[in-house]
Amino acid sequence: MRDSQVRCMAAVCVWALVLVVLLPGLVLESTDTRFGAALAVQCAVVVHAGGGLARVLTDTSVRLVAFGFWLFSYVWLGLAPLAMLATDSYPLEYRGDETTALAAAALTELGLVAYSAGAALAAGRNDGRSIVFVPLLSRSLSPLPVLMLCGLSLALAVALIPGQEGGLRAFFTSRQALWQSRAEADATHTLRVWALAVPAFWALVALVRLPRSNGTGRLVRTIRWTALPSLLVLNVIVNNPISRPRFWAGTVLLVLLFSWRRFSTPRVFRTAAAAITVVVLFAFPYSDYFRYDEREVLQVVPLAQQFSTSMDYDAFQQMQTGIDYVQENGYSPSAALGLVLFMVPRSMWPDKPQATGIELAQYAGYDFHNLSAPVWIESYLWGGVPCVVAVFCLLGAAGRRMDDIRERLRHRQGTLAVLLVPAFAFYQMIFLRGSLMAIIGPLLLLLAVPLFITKRAAAPAPSPVRPPATTGGHAPTPGLIPGHRRHP
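Residues numbered from 1 in each chain as written. Predicted model: local features only at pLDDT ≥ 70, side-chain atom pairs only at ≥ 80, totals over all residues. Heavy atoms only, no water.

### Side note on the overall build of the protein
As a reminder of what qualifies: For helices the rule is a DSSP run of H or I covering at least 4 residues; for strands it is a run of E covering at least 2, with both sets numbered from the N terminus onward. Each residue's exposure class comes from its accessible area (1.4 Å probe, protein chains only) as a fraction of the maximum for that residue type: buried when under 20%, exposed when over 50%, partly exposed otherwise. The contact definition used throughout considers only heavy atoms, calling two residues in contact when any of these lie within 4.5 Å. Areas reported as accessible are Shrake-Rupley estimates using a 1.4 Å probe. Residue values count occlusion only from the protein chains shown.
Across its full length, the protein holds 19 helices and two strands. Taken across its 488 residues, the protein has 49% of its residues classed as buried. Here the contacts in the protein between residues at least 6 apart in sequence split such that 81% fall between residues at least 24 apart. Of the roughly 24000 Å² of accessible surface on the protein, a fraction of 63% belongs to carbon and sulfur atoms.

### A closer look at a nonpolar patch on the surface
Here is the rule: The patch calculation keeps residues exceeding 30% relative accessible area without a salt bridge and links them within 9 Å when they carry like charges or within 5 Å when they are nonpolar (Val, Leu, Ile, Met, Phe, Trp, Tyr). Salt bridges, as used here, are contacts in which a Lys or Arg side-chain nitrogen is within 4 Å of a carboxyl oxygen on Asp or Glu.
A surface patch of nonpolar side chains, about 270 Å² in accessible area, is lined by Leu17, Val21 and Leu22. Mapping Leu17 onto the fold places it in helix α1 (residues 2-29). Judged by its relative accessible area of 45%, Leu17 falls in the partly exposed class.

### Focus: the environment of Ala197
With respect to the helices and strands, the residue Ala197 is situated in helix α8 (residues 187-209). Taking C-alpha positions, Ala197 is 6.0 Å from Asn239, a pair spaced 42 residues apart along the chain. Residues within four places of Ala197 in sequence aside, it is in contact with Val238, Asn239 and Trp248.

### Topic: the nonpolar core
Short version of the rule: Residues grouped as a nonpolar core are buried Ala, Val, Leu, Ile, Met, Phe, Trp, Tyr and Cys residues, joined through side-chain atoms within 4.5 Å.
If you look at the biggest cluster of nonpolar residues, it comprises 132 residues, and the most contacted ones within it are Phe67, Tyr74, Trp202 and Trp248. A total of 19 residues in this core trace back to one element, the largest contributor, which is helix α3 (residues 64-87). In contact with Trp248, other than residues within four places in its own chain, are Trp194, Ala197, Val198, Phe201, Asn239, Tyr427, Ile430 and Leu446. Tyr94, Ala361, Tyr366 and Leu371 belong to the second-largest nonpolar core, a separate cluster that totals five residues.

### A closer look at the pattern of salt bridges
Evaluation of the coordinates by the stated rule reveals five salt bridges. For Asp59, the salt bridge is made with Arg55, and the minimal N-O distance between the two is 3.3 Å. Residue classification places Arg55 among the partly exposed residues on the basis of a relative accessible area of 40%. The partner of Asp314 in a salt bridge is Arg433, and the shortest N-O contact between them spans 3.9 Å. Highlighted residues: Asp314 in the loop between α12 (303-309) and α13 (315-329) and Arg433 in helix α18 (residues 416-433), separated in sequence by 119 residues. Judged by relative accessible area, which is 1%, Asp314 ranks as buried. Overall, the relative accessible area of 17% leaves Arg433 in the buried class. Three or more residues joined by partner-sharing salt bridges are found here, namely Arg55, Asp59 and Arg63.

### Concerning the environment of Val27
Its location among the elements puts Val27 in helix α1. Beyond its immediate stretch of four places on either side in the chain, Val27 contacts Leu79, Leu82, Ala83, Leu303, Ala304 and Phe307.

### Observations concerning the packing of α3 against helix α11 (residues 266-282)
Condition: Each axis is a line fitted through C-alpha atoms, and for a helix only the stretch in contact is used; angles between axes span 0 to 180 degrees, taken between their N-to-C directions. Small angles under 35 degrees read as roughly parallel and large ones over 145 as roughly antiparallel, with 65 to 115 read as roughly perpendicular and the rest as oblique. Left-handed describes a crossing whose near helix is turned anticlockwise from the far helix through less than a right angle; right-handed describes the clockwise counterpart.
At their nearest, the axes of α3 and α11 sit 11 Å apart, and the two run at 25 degrees to each other. Classified by the angle their axes make, α3 and α11 are roughly parallel. In this structure, α3 meets α11 at a crossing whose hand is right-handed. On α11, the residues that touch Leu64, Phe67, Leu71, Tyr74, Val75, Trp76 and Leu79 of α3 are Phe269, Ala273, Ile276, Thr277, Val280 and Leu281.

### Description of the layout of surface pockets
Here is the rule: Cavity and pocket criteria rest on a 1 Å grid covering protein atoms alone: a 1.4 Å probe that fits but cannot get out defines a cavity, protein on both sides within 12 Å along at least 5 of 7 lines defines an open pocket, and an atom within 4 Å of a point defines a lining residue. Grid points are joined across faces, edges and corners, and a volume is the space filled by probe spheres set on the points. All residues other than Ala, Val, Leu, Ile, Met, Phe, Trp, Tyr, Cys, Pro, Asp, Glu, Lys and Arg, Gly among them, are scored as polar; the first ten of these are nonpolar and the last four charged.
For the second largest pocket, the calculated volume is near 650 Å³. Around the second largest pocket, the lining is made up of 26 residues, and of these Leu395, Phe424, Phe431, Leu443 and Leu447 lie nearest the centre. For the lining of the second largest pocket, the secondary-structure elements that each account for two or more residues are α5 (133-137), α14 (334-340), α16 (375-383), α17 (385-409), α18 and α19 (436-452). Among the elements that line the lining of the second largest pocket, the one with the most residues is α19, at seven residues. A per-class count over the lining of the second largest pocket returns 24 nonpolar, two polar and no charged.

### Description of the environment of Glu407
Residue position: Glu407 is located in helix α17. Those residues within four positions of Glu407 in sequence are excluded, and the remaining contacts are Ser61 and Val62.

Next up, the structure:
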């Protein structure tokens with residue numbers, strides 16, 4: 001046990017050195033650093049997020065939700081803003097002053113502190129009781145609904161793909177071409193694509209993970225191997241990285257990977273999580289190769305330049321825009337109401353709030369509105385600092401409970417914990433990036449579909465209690481061995 005703890009502490013130190021010292025040093029070394037209060041606070045953000053990520057990468061349990069949160073926080077709101085503040089260079093035109101930059105860095109750190117506090121409070125209640133998560137995540141896959149979902153997914157493909165503008169070819173068209181044709185911005189087109197993508201994804205995952213019961217084992221095995229090739233082809237069509245966002249395509253791939261039982265072990269998880277971290281840091285900026293029609297030769301540039309010039313890392317600058325927006329226009333509590341009532345059409349609600357990313361882009365005067373709005377600034381727009389603290393405390397507590405329950409149920413094949421927690425953990429990066437109004441529909445669809453293909457887990461049968469041995473129908477006298485008589 002002591003050797004295991006020493007190795008664990010050594011791994012923590014190595015990862016902390018890489019994430020807190022070496023990578024930030026690499027970013028700052030390649031720049032003409034401009035020191036200031038905002039940069040000092042941002043260094044604290046990097047240390048906090050890097051430390052959280054290092055802890056997850058060396059944990060003795062699998063913590064998928066925590067991994068997704070700290071990875072996003074470290075890259076998009078840690079290293080990227082560090083490069084921007086150090087070089088005074090940003091990917092977008094709108095520029096805030098030093099006070100705004102300081103407020104954005106402080107708001108980021110406030111969210112991280114609140115998240116850590118919520119996770120710590122939830123960890124203190126690791127007693128196996130939960131009103132919501134345990135009954136929900138212990139649900140298990142049911143063969144008949146899974147097979148029905150497979151049939152529904154294939155039927156939707158036959159019905160909807162030919163009706164799409166461009167037909168099958170549209171699913172292998174770059175997103176730039178789709179935006180130029182306005183297809184990507186069309187609500188009906190978007191709804192159809194998600195109605196194809198999410199059920200097809202869950203049908204494939206559920207069919208692979210469906211346990212074989214004694215009565216239907218041969219039938220399920222036959223249908224599985226018959227439907228599996230069709231579902232694989234369907235997912236290549238509707239969930240490929242050419243016409244779909246990289247975050248979503250990555251979510252599909254990673255959920256398929258981590259729903260595999262082998263990746264439920266802590267050792268394999270640590271290896272896979274480390275590989276994902278390296279890919280996100282060094283390969284993600286170049287993964288938009290298929291996004292444009294005219295593809296240029298890839299040019300590898302330093303991290304600092306990539307972070308401060310690519311619009312993939314607009315989150316911190318959008319936070320600055322949001323802070324200035326609040327100072328000029330005040331808070332927008334109705335934006336939170338728009339999330340709750342997102343299904344109400346604008347024809348019935350003319351003043352329905354639009355996505356925060358679009359609102360901030362219009363405020364900054366951009367012609368291009370497909371920008372992010374991190375949950376930090378979304379919650380700040382709802383009601384200021386108290387909303388930020390409340391939202392991230394809840395996120396931290398919910399994430400910790402989900403990870404703990406999945407860890408306890410990871411040996412039970414086909415449970416919702418094994419399927420839904422990885423899906424939320426990786427889609428969480430889209431959720432954290434925002435805007436929430438743009439992703440709330442797909443998120444609810446992603447979380448709701450598994451509920452219809454699972455059933456409530458049967459309660460474990462109580463272990464029989466053997467009555468104590470008695471003498472003549474009475475309890476034995478204390479101090480005597482049952483079956484022996486007291487001699488006069």
